[in-house]
Amino acid sequence: MDLFTIPSPSSLWTTVRSGGAFNVACSFAALWAFVKVLRMLRWRVKTTQLLGPPRTSLVYGVSRDLAISQDSAAIYERWATEHGVVYMIPSVLGQTRVVLCDPRAIAHFYARETRTYVQTPLSLALLEASVGKGLLWAQGETHKRQRKALTPAFSNAAIRKLTSVFYDSAYKVKGKWDTAIESSKDGDAVIEVQNWMNHISLDTVGIAGFSHDFGSLDGKPASVTEVFDTFGSNQKASAVNEVFILLASAFPIILKIPTKRQNLFKKLSVTMEQISNELLIRSRREKDVNIGERGQENSIIGLLIKSEGQDTEFHMSEEEVMAQVLLLAGYETTSISLTWALIELSQHADVQTRLREELLAFGPDPTYDQLKANLPYLDAIVHEILRLHPPVPEITRIAAADDVIPLSEPVRPASGNMTDSISIAKGTLITVSIAAINRSSIIWGPHAKEFKPDRWLTEDGISGKAKEVQGHRHLLTFVDGPKTCLGKDFAIMEFKTVLSVLVKNFVFEMRDGPDTPVEVARGILPRPRVVGEDGTGVPLRIRRYE
């Protein structure tokens with residue numbers, strides 16, 4: 001029997017409906033406070049009380065320290081060293097989060113995502129406002145149905161056919177950069193590469209997934225990238241927005257306030273809805289007159305048209321179909337990874353030279369199967385970038401039910417008695433710092449913070465502790481469990497294809513020397529930026545490889 005049963009809304013209403021307006025208001029306030037106290041008591045009884053850092057702010061706990069830090073992963077890792085592989089941190093307005101830094105605990109957490117551990121009210125509100133009720137927003141059976149409907153678009157067979165699209169985008173950039181270098185007197189050119197990586201990724205996912213060429217590589221303005229870029233263009237505004245989002249984590253209704261950031265989200269939603277309408281109307285018309293390209297039925301857009309049918313196994317509503325087109329937003333993660341790759345190669349000339357030698361020795365452009373299996377150093381560099389610079393650095397979920405999380409090593413909770421599992425009450429916030437796990441010295445060894453692609457090439461390059469991490473190649477970059485990134489193989493193949501073309505044809509250097517400092521700029525996702533540059537600028541000095 002649960003000692004802390006919370007009254008239902010109907011029973012609360014019955015209790016107070018006979019009073020006057022003022023009495024009713026006072027009664028509701030008292031009952032609200034009573035319910036909050038009951039929930040807190042239940043949480044304290046049902047959740048293992050863990051050690052953790054003290055709050056640094058009465059309002060924000062430690063959340064603002066993490067939000068404004070250039071390296072929140074290092075903070076999470078330090079706390080794990082001080083307090084154990086699972087610990088509690090004080091959050092906004094008295095909330096508490098449980099942080100998991102233990103591979104076994106994280107595997108348990110991911111295996112139960114969408115059922116026991118679900119999106120927080122804040123995450124759901126932000127996703128619905130910006131990208132609708134699609135795959136990113138969906139949970140439980142809805143998520144399972146939508147994912148199954150889209151899976152054929154991301155199969156090996158489907159991606160194999162798309163390799164030529166990846167190459168086309170990469171060679172378009174090569175042509176544009178050749179022209180810029182030819183017009184330079186010095187035989188090189190300073191090029192802001194992050195913009196170009198955005199264009200590559202957007203055009204590629206547009207053509208490959210939706211049979212639509214945004215033309216951003218040809219200079220056409222793309223409303224999608226314009227909106228995304230605006231999020232990271234004003235860093236002072238972004239800092240204010242961090243505070244706004246922190247407060248919204250306690251009161252999601254705050255998101256209804258029409259701030260500049262919320263207006264941007266609204267603009268993004270409207271922009272994406274217009275694109276969705278155009279793509280879907282055109283594709284339906286082509287299907288009706290049978291002029292769609294052969295094989296398009298297994299593209300994202302083809303599968304969406306198919307799922308509209310009432311008699312299909314994985315039927316989606318019109319709202320769900322519209323929201324899936326917002327998978328276009330996934331272009332940003334690949335462009336971030338490509339930008340980080342060019343930065344790291346510019347800072348490590350020896351690694352860049354060795355990669356170029358591997359690519360030139362191989363000869364012609366590798367096929368899909370060769371990119372997967374025959375270029376080990378390219379594969380090592382791609383995965384080292386994904387390890388060091390995950391585009392999504394952390395996730396937070398809320399427990400939808402009571403749970404017990406097992407640990408791979410015991411911890412000492414506040415009670416002082418060692419335990420090899422922790423109890424979690426319904427309503428508990430759980431955080432996993434993907435970046436902290438990917439870069440943890442305890443998990444990845446003493447050189448975990450360094451860019452060392454060779455770790456992926458030797459038998460003992462990945463430590464035993466790292467092998468306990470469940471996820472693609474022992475990384476959490478694509479998360480794990482039911483919500484493993486559906487576009488993982490698509491993203492990796494695009495990453496390898498584009499990087500192989502660019503490194504084979506160009507030499508990259510930091511404009512101001514290899515020691516040029518690079519920081520993280522706030523946007524929808526954190527992006528690299530050369531210190532002192534506007535927005536998310538990453539200018540590199542580029543010359544042709546002769």
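Our subject in this report is the structure included herewith. (Residues numbered from 1 in each chain as written. Predicted model: local features only at pLDDT ≥ 70, side-chain atom pairs only at ≥ 80, totals over all residues. Heavy atoms only, no water.)

**What about the side chain of Glu 358?**
Along the chain, Glu 358 turns up in helix α16 (residues 349-362). Arg 354 provides the closest opposite charge to the buried, salt-bridge-free Glu 358, at an N-O distance of 7.0 Å. In contact with Glu 358, not counting residues within four places along its chain, are Leu 375, Pro 376, Tyr 377 and Leu 378. (Helix = DSSP H or I, 4+ residues; strand = E, 2+ residues; numbered from the N terminus. Buried < 20%, exposed > 50% of the residue type's maximum accessible area, 1.4 Å probe, protein only. Lys, Arg positive; Asp, Glu negative; His and termini not counted. Salt bridge = Lys/Arg side-chain N within 4 Å of Asp/Glu carboxyl O. Contact = heavy atoms within 4.5 Å.)

**Focus on the sheet that holds strand β12 (residues 539-544)**
Spatial ordering of the open sheet is given by β4-β12-β9, a layout of 3 strands whose pairing is antiparallel. Since the sheet does not close on itself, it has two edges, and those belong to β4 (188-192) and β9 (506-510), each with one partner. Neighbour-to-neighbour, the strand axes of this sheet turn through a mean angle of 35°, independent of strand direction. Inspection of the sheet shows β4 paired to β12 by 5 bridges, in the antiparallel sense. The residue bridging Ala 189 from the neighbouring strand is Ile 542, located in β12. In this fold helix α21 (residues 488-505) packs onto β9 and β12, with an angle of close to 90° to the strand it touches most, β9. (Pairing = 2+ DSSP bridges. Axes fitted to C-alpha atoms, helices over the stretch in contact; angles between N-to-C directions.)

**Quick word on unusual backbone geometry**
Positive phi, close to 50°, is recorded for Leu 93, a residue that is not glycine. Inspection of the secondary structure puts Leu 93 in the loop between β1 (86-90) and β2 (96-100). Notably, Ser 211 is not glycine yet its phi reads approximately 55°, a positive angle. You can see Ser 211 is positioned in the loop between α9 (193-210) and α10 (223-233).

**Let's talk about the nonpolar core**
With 126 residues, the main nonpolar core has Leu 100, Trp 177 and Leu 499 as its most contacted residues. Formed by 7 residues, the second largest nonpolar core is a distinct cluster that contains Leu 122, Leu 126, Ala 248 and Leu 255. (Core = buried A, V, L, I, M, F, W, Y, C linked by side-chain atoms within 4.5 Å.)

**Examining the packing of aromatic side chains**
Within this structure, the stated rule accounts for 12 aromatic pairs. Both rings, one in Phe 109 and one in Tyr 110, keep their centres 5.2 Å apart while their planes meet at 55°; by these two values the pair is tilted. On the basis of relative accessibility, which here comes to 0%, the residue Phe 109 falls in the buried class. Ring geometry for Trp 444 against Trp 456: centres 5.7 Å apart, planes inclined by 50°, an arrangement best described as tilted. Placement of the pair is Trp 444 in helix α20 (residues 441-444) and Trp 456 in the loop between α20 and α21, with a sequence separation of 12 residues. For the pair Trp 444 and Trp 456, a shared accessibility class is recorded, and that class is buried. A connected cluster of aromatic rings, assembled from ring pairs, spans Trp 177, Trp 196, Phe 506 and Phe 508. The ring centre of Tyr 377 lies 3.9 Å from the NZ or CZ of Arg 354, which sits over that ring. Its guanidinium or amino end placed over the ring of Trp 444, Arg 387 lies 5.4 Å from that ring's centre, counting from NZ or CZ. (Phe/Tyr/Trp six-rings, centres within 6.5 Å; stacked < 30°, edge-to-face > 60°. Lys NZ or Arg CZ within 6 Å of the ring centre and 35° of its normal.)

**Examining the sheet that holds β1**
Read from one edge of the open sheet, 5 strands run β1-β2-β8-β5-β3, paired in mixed fashion. Single-partner strands in this sheet number two, and they are β1 and β3 (117-119). Put simply, the sheet's adjacent strands are angled 40° from each other on average, direction ignored. Note that strand β5 (residues 394-399) and strand β8 (residues 429-433) share 5 bridges and pair antiparallel. Residue pairing in the sheet places Ile 395 in a bridge with Val 432 of β8. Contacts from helix α4 (residues 72-83) reach β1, β2, β5 and β8 within the one sheet, and its direction differs from that of β1 by about 120°. The sheet strands contacting helix α5 (residues 103-111) are β2, β3, β5 and β8, and the helix crosses β8 at an angle near 120°.

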